[in-house]
Structures are given as structure tokens and as C-alpha cells.
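Observations on the three-dimensional arrangement
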Amino acid sequence: MATTIEGQDRVMATAQQIVKSLNTSKDATQDMILILSSFDNRLSNISSLMSDAGGGEGNSDDARLEAAEKVILWRESSSEPSLLWEDSPDEALEYLAAVDQILQLTEDLAIQSESDIIDRAESALQIAMSRLEDEFRHILIRNTVPLDAERLRGSIRRVSLSFASQDGEIEDLEGFGENGQVGFCHERGASLGDDICVDLIRPNAVEELKEIANRMVRSGYEKECCQVYSSVRRDVLDECLSVVGVEKLSIEEVQRIEWRLLDEKMKKWKEAVKIVVRVLVTGEKRLCEQIFEGSELIKEVCFIETAKGCVMQLLNFGEAVAIGRRSIEKLFRILDMYDVLMDVLTDLQFLFTDELGKLVCSEAQGVLAGLGEAALGTFVEFENAVQGEASRRPTQSGEIHPLTRYVMNYVKLLVDYSDTFNALLQNSGDESDNLQRDDGDNISSEGMSPIANRLISLIKSLESKLEEKSRMYEDGAMQYVFLMNNIRYIVLKVRDSELGKILGDNWIRKRRGQIRQYATSYLRAAWSKVLSCLKDEGIGGSGSSSNASKLALKERFKNFNSSFEEIYRVQTAWKVPDAQLREELRISISEKVIPAYRSFLGRFGNQLESGKNAGKYIKFTPEDLENYLLDLFEGTPRVMHHLRRKSS
């Protein structure tokens, strides 16, 4: 009996093995059971026996799992581990298919009670996810496209505004700039073309990353996938920041940087903001949407975790500048930073949309407000510096004062930021446009922009300072030359810029009238003594030239000669930089002096020419005087030597 049972067991075991080996589908299994049952009555109960052993369904699942395990475990047991997507794309597809097979099994409700199969499936998945995580990381790193910073910079269109290219540097101006030195070249208007788009990852790798991410997310490993993605891409973005010239600096480090180096960093920051936001971060958003397109939440989390670091690094620098020590030479860089951040704020709000992202936008708005306050505060510092400028050393040669150059170039640049400044002044509740100005310019403040009012007041303060500084010259004539030079410079800066539209033609006409008044006062102060030598009074003869006292005539000519020579010696050292003003002054002098000298010489010269040493008294012809007048105001001192008029 025992022998019979033992034999039956062997037959049943063999049958089960055959069914298992041929278990290609549920229908095929059932067909095989029917065939085997018809051979022998000992196999008539094979269905129930196999059901007791786990049934055909379980056998099928077991076989599928075993096949998938074989693909996954074979890779892990290899003595030379390699990367599938790099070494064998076909095997990579097979590996993904095995993962899909296991995922399908774990999702099949029919096996939920089969704890052994579930445990094996989860174990295999865990191994597979570890492998896919490594593959995902490697594909990200291997296929990262280096940032071509030069190409991006080439797309930035520059508008250069030279602050010092013609006027040179301004030195030792108290209260202006750091280290008592100002004068710089300012570039403004950098903008990135809207059509710039770069690949952050090689396009053919995006699909591979997407396939891997899809399996990791389906397997419940979305956290690990996001961590790998964010870690790799954060490092890439950090490197990109370095490539575009943005260093990782603390607020304290930024505030310790000396101005010239900080100026360069602020300039690079301005360029970097648009590159980072409109190229890198926008590209990162697009990449996340491609790789994690199956889940909105995962897309957002990965993007924010990846991109917020580099954005915050930029904002930290902006905050450091905003709260740093205010210095008037920083104003234009601060305004540039404000403008570029304002320009990309809408982009940031579009990119960072969920609650975590709103924190980035909120930080950006805070930095923007801080930069605006810093700009206004720095401008107030500038206004105060002009009003309080107290240097007591007059400029040599009576030429343009450094304060005039600095203020007018500063104001000329400010006009280019009118829109920004008007918005800042209006938001700050500035009421300067409501103040009554008693400046005699007849400029109505009604309807005038806030910045226009502030600039008019600033120029008026400058003019008052110039009046004060003119009184530092002991020579009255030089005071007027100084005022002519400086007001002329102001007029030219206004006329040749947008300032002209703000101040208007009437303002310019009034300053030109001032220059003419200063010229008249100069002629009176400088040439009255010379001209008094050419008057008839005091030489005797009762109006008759023939009866004039020779002694008096000799004295008159001697006084004229010495006075003219002294003026020549002094005023050749004076400088009138503007060629037109210089020529107009010479003509005015010539019109006063030459006719008077020609007349005096014509009436009285013959009385001395007939005597001894006539050349000692009559040294100049009218033509000589005209030639000498051409040397005035060139800024090069000259002295007359061996002047003797040739006898006719």
C-alpha cells in the first residue's frame, strides 16, 4: 500500500513539474491538466491537488517574478558591475521591462494574500531602485551640458554711458566717493534677448531620465528620485553661477569688499540675474516638467528644491548691497540692480507658484524694496553732499570745478533712470513737487515729475556753491572767468542731454544771459585799468593832440604797456576749456581794446615817434595786440620778452 502511495506521489509530482514548466498562460495550464487527467485515473484529481499546492495562478505569478528577479539579480551578482544605459541600451530596456513586471505583480490584487511572493517582489524592487537611482544620477551627470557663458554674454546688448571718458577722474573732492576719489565709467542697459534658450541636459538623455523617474515614482521611491535629481542639478547651477561671475558670499563678506571690486561684482550680478532666471531657472523648470510629467507635485518639489538655492544666493547679494553703507558712487549700480530685479520679478512669480515657491518671490520683493530704499537714501546723501561740500581750495586757472563736473555728470546719468526714480519717489510719498521754488527761473512745477523737481533743486544748489567758491579768488576778473566756465559747462550738459527737455529752453536762455553778464563784468574788472590809459583826460592840450604833454603821453604809454604785459602774463595762465566761449571772450576784449588803442596811437603816437627812444614807449602795433590776445585763456603762462616796436 505504501508503495502504491509513493508511486502516486511521484506521478503527481512529475505532472506538477510538467505543468509548471509549460505554464505559459492560465488557459494553457488548464488545457494541460485536462490532458493529463485523461491518461490515468490517478491523475483525475490533479486539479484539486494542484489547487492545494498553490494553483495555476500562483504558479504563473511565481514564474513571472522569477524571470524578473533573474534579470535584476543577474546584474547585481556580476563580478564587474557596469552601467546599463552607458554600456548596453538593449539590456537597459530589458531591465525596465523586468521592473514593470514586478510592479504589475505588486499591483495585482490576486497576489495580495501571497506574502512570500510580495516579499520577494518588494526585495527585488528595492534592489532595482538602488540600481536605477545610480543610473539616474550617472545619466544626469554625464549628460549635463556645460554653460556657454560667452555665448550668453554675447547676446546681452549693451548701452554704454561713459561717466569719465571725456572728463577724466576727479580727485580730492571732499565728501564725494570713497577714499576721496571719484570718477568712473558706468555701463547701463544690459538686456538678455528673449529668444535665448539652452539645453541643460542633452535632449536624447531626457527620455531615459523620464523612463527611470517614472519607475521610481511608481515604486514609491519618488523621494529618493527627487533627492538625486535636486542634488545633482543644484551642484550644476552652483557651478553655472560661478561661470557667470557670482560668488557665494555672506552678507558680512559683501559689506567688507572695497568699492572697485564691489562695483565689478555688482555689474556681474546685474548680468547674471537675467541669465539665471530667464535661462537657467526657466530651463530647469522645463526640464522638471519633461522628466516628471506624471506628477504635478513631484515636478514642483524637484524644481523648487533644485532652483531656490541659486536664486537665494543672488538675492542674498542684493540684500547685502541694499543694507550696506551708503556711498554716492554706488547709486547707479544699485539702480541697475533694482531695474533688473524688477524686470525678472514677473518671471520669478511665474516660475515659483506653490507655497514653497511663494517664499522665494516674497524674498525677491523684499530685496527689491530694500534696493529701492537704498537708491533713494543714496540720492539724498548725494543732495546733502552737494549742499555741504566745503572744499576751500580754488581750482587753478579758474577752470571747471570738480564739483561741477561730478554733479552734472551724475545728474546726466540720473536722467536715464527717470522712470525708476519717479516710481520710487512716488511710492515713498515724496512731496518735493509741491514745494514752492524761489529760483527766478520761471519754471512751473505744475505737472512736473518728481525727479525733475529734485534735479532742478540740485542744480540750483550747485550754482549757489559755485557763487561761494568764486569768492575764494582774490582777482575779481578771475571770479567771473570761473563762473563763466562753470555755468557754460552746466548749460552744455543740459543742452546735450535729456535734461534739456526737463529744464526747458527758458532755463538755458537764462544761463546764457548770465554768462554774458559775467563776461561784461570780467571786461570791466580786467581791462578798465588798461582802457583808462587810452583816455584823453589828464594829458593836457585842451583836447588838441598837438599840445598834449609828452611827459604825460610817455607815462600813459608806459602804464598801458605794463598793464597789458601783466594781463598777458596772468591771463595766458587762465584756462577757458570751451573753444566757443574762449573765442567769444577774445573777440569781446579785442572790440574794447584794439579800437581804443588804435585811436589813441593815431592821435598821439607821432609826438613820441619823432623823439629819442620812441620804441621804449610805443611797443605795440594794433596788430601786435590782436596776436597777443590769441594767447589768452590757454592755460599756459607766457611772458613777453624784448618787445620793441619796429620803426617805420
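Per chain, residue numbering runs from 1 following the sequence as it is written. Reporting of local features is limited, given that this is a predicted model, to residues whose pLDDT is at least 70; pairs of side-chain atoms are given and counted only at 80 or more, and all residues count toward the totals for whole chains, interfaces and linings. With hydrogens and water stripped out, all remaining heavy atoms of the structure feed into the side-chain values.

Side note on the overall build of the protein
- Only DSSP runs of H or I reaching four residues or more are called helices, and only runs of E reaching two or more are called strands; each is numbered from the N terminus. Each helix and strand counted, the protein has 24 helices and four strands in total.
- We call two residues contacting when some pair of their heavy atoms lies within 4.5 Å. Partitioning the intrachain contacts of the protein with sequence separation of at least 6 by distance along the chain shows that 81% fall at a separation of at least 24.
- Accessible surface, the protein as shown: approximately 32,200 Å² in total, 47% of it carbon and sulfur. Calculation of accessible area relied on Shrake-Rupley with a 1.4 Å probe; when residues are assessed, cover is drawn exclusively from the protein chains displayed.

A few points about the nonpolar core
- Within the largest apolar cluster, 180 residues are counted, with the highest numbers of intra-cluster contacts made by Phe136, Phe292, Phe352, Phe421, Tyr522 and Trp527.
- If you tally residues by element for this core, the top one is helix 12 (residues 259-291), at 15 residues. The nonpolar core is taken to be a set of buried Ala, Val, Leu, Ile, Met, Phe, Trp, Tyr and Cys residues, with the residues joined through side-chain atoms within 4.5 Å. Using a 1.4 Å probe on the protein chains alone, a residue whose accessible area is under 20% of its type maximum counts as buried, one over 50% counts as exposed, and one in between counts as partly exposed.

Let's talk about the packing of helix 20 (residues 499-532) against helix 21 (residues 550-571)
- With their axes 7 Å apart at the nearest point, helix 20 and helix 21 run at an angle of 150° to one another. Between helix 20 and helix 21, the interaxial angle falls into the category roughly antiparallel. Judged by residue contacts, Tyr522, Ala526, Trp527, Lys529, Val530 and Ser532 of helix 20 engage Arg556, Phe560, Ser563, Phe564, Ile567 and Gln571 from helix 21.
- Gly counts as polar in this scheme, as do all residues outside two lists: the nonpolar Ala, Val, Leu, Ile, Met, Phe, Trp, Tyr, Cys and Pro, and the charged Asp, Glu, Lys and Arg. Across the contact of helix 20 with helix 21, the residue classes tally to seven nonpolar, three polar and two charged. Each axis is a line fitted through C-alpha atoms, and for a helix only the stretch in contact is used; angles between axes span 0 to 180 degrees, taken between their N-to-C directions. When describing relative orientation, an angle under 35 degrees is termed roughly parallel and one over 145 degrees roughly antiparallel, while 65 to 115 degrees is termed roughly perpendicular and anything else oblique.

Looking at the side chain of Thr404
- For Thr404, the location among the structural elements is in helix 16 (residues 402-415).
- Leave out the neighbours within four places in its chain, and Thr404 touches Leu462, Leu466, Asn486, Tyr489 and Ile490.

What about the pattern of salt bridges?
- Salt bridge, as applied in this entry: a Lys or Arg side-chain nitrogen positioned within 4 Å of an Asp or Glu carboxyl oxygen. Taken as a whole, this structure holds 34 salt bridges when the rule is applied.
- Put simply, Arg333 and Asp336 hold a salt bridge, and the shortest N to O gap is 3.6 Å. Here the residue Arg333 and the residue Asp336 both occupy positions in helix 14 (residues 331-351), the gap between them amounting to three residues, near one helical turn.
- Here the residues in one salt-bridge network are Asp100, Glu211, Arg215 and Arg218, joined through shared partners.

Some thoughts on helix 21
- Expected helix span is taken as 1.5 Å per residue step, with the number of steps being one fewer than the number of residues. Here helix 21 spans 31 Å end to end across 22 residues, near enough to the 32 Å set by a 1.5 Å rise per residue.
- For helix 21, the complete set of buried residues consists of Ala552, Leu553, Arg556, Phe557, Phe560, Asn561, Ser563, Phe564, Ile567, Tyr568 and Gln571.

Points about helix 10 (residues 222-243)
- Between the first and last C-alpha of helix 10 there are 31 Å, a value that for 22 residues agrees with the 32 Å anticipated at 1.5 Å per step.
- Listed in full, the buried residues belonging to helix 10 are Cys225, Cys226, Val228, Tyr229, Ser230, Val232, Arg233, Val236, Leu237, Cys240 and Leu241.
- On its buried side, helix 10 packs onto helix 7 (115-142), helix 9 (203-218), helix 12 and helix 13 (296-322).
- Just downstream of helix 10 lies Gly245, where phi reads positive at about 95°.

What about the environment of Arg638?
- Relative to the elements of secondary structure, Arg638 occurs in the segment after helix 24 (622-629).
- For the pair Arg638 and Arg569, spaced 69 residues apart in sequence, the C-alpha separation works out to 5.4 Å.

Details of unusual backbone geometry
- Even without glycine at this site, Ser397 takes up a positive phi of about 70°.
- Residue placement: Ser397 occurs in the loop between helix 15 (355-388) and helix 16.
- A positive phi angle is found at Phe633, which is not glycine, with a value near 70°.

Concerning the packing of aromatic side chains
- Any two of the Phe, Tyr and Trp rings considered here, Trp counted by its six-membered ring, make a pair once their centres fall within 6.5 Å; the pair's planes then place it as stacked at under 30 degrees, edge-to-face at over 60, or tilted in between. This structure, assessed with the given rule, holds 21 aromatic pairs.
- In textbook terms, an aromatic cluster arises when at least three aromatic residues are bridged by ring pairs, as seen for Trp527, Phe560, Phe564, Tyr568, Tyr597, Phe620 and Tyr628.

Structural notes on the packing of helix 6 (residues 89-107) against helix 7
- Contact pair helix 6 / helix 7: the axes reach a minimum separation of 10 Å and the direction vectors enclose 145°. Of the two elements, helix 6 crosses helix 7, and the hand of that crossing is left-handed. Touching Tyr95, Leu96, Val99, Ile102, Leu103 and Thr106 of helix 6 are Ala121, Ala124, Leu125, Ile127, Ala128, Met129, Arg131 and Leu132, all from helix 7.
- Its residues placed into classes, the contact of helix 6 with helix 7 shows twelve nonpolar, one polar and one charged. Two helices crossing with the near one rotated counterclockwise from the far one by less than a right angle form a left-handed crossing, whereas a clockwise rotation gives a right-handed crossing.

Considering the state of the cysteines
- By definition, disulfides here are pairs of cysteine sulfur atoms that lie within 2.5 Å. Counted under the stated rule, the structure contains zero disulfides.
- Not part of a disulfide, Cys240 finds its nearest cysteine sulfur in Cys310, a span of 8.6 Å.

Some details on the confidence of the model for the protein
- Summing up the model confidence of the protein, the mean pLDDT is 81 and the portion of residues at 70 or higher is 76%.
- Every residue carries a pLDDT, the predictor's confidence in it, which falls somewhere between 0 and 100. When pLDDT is averaged over each helix and strand of the protein, the minimum, 38, is found for helix 3 (residues 46-52) and the maximum, 96, for helix 19 (residues 476-495).
- For the stretch residues 1-56, pLDDT sits under 50, and the model shows 34 contacts to residues farther than four places along the chain or on other chains.
- Segment residues 433-438 is flagged for pLDDT under 50; beyond a separation of four residues in sequence, or across chains, it makes eight contacts in the model.

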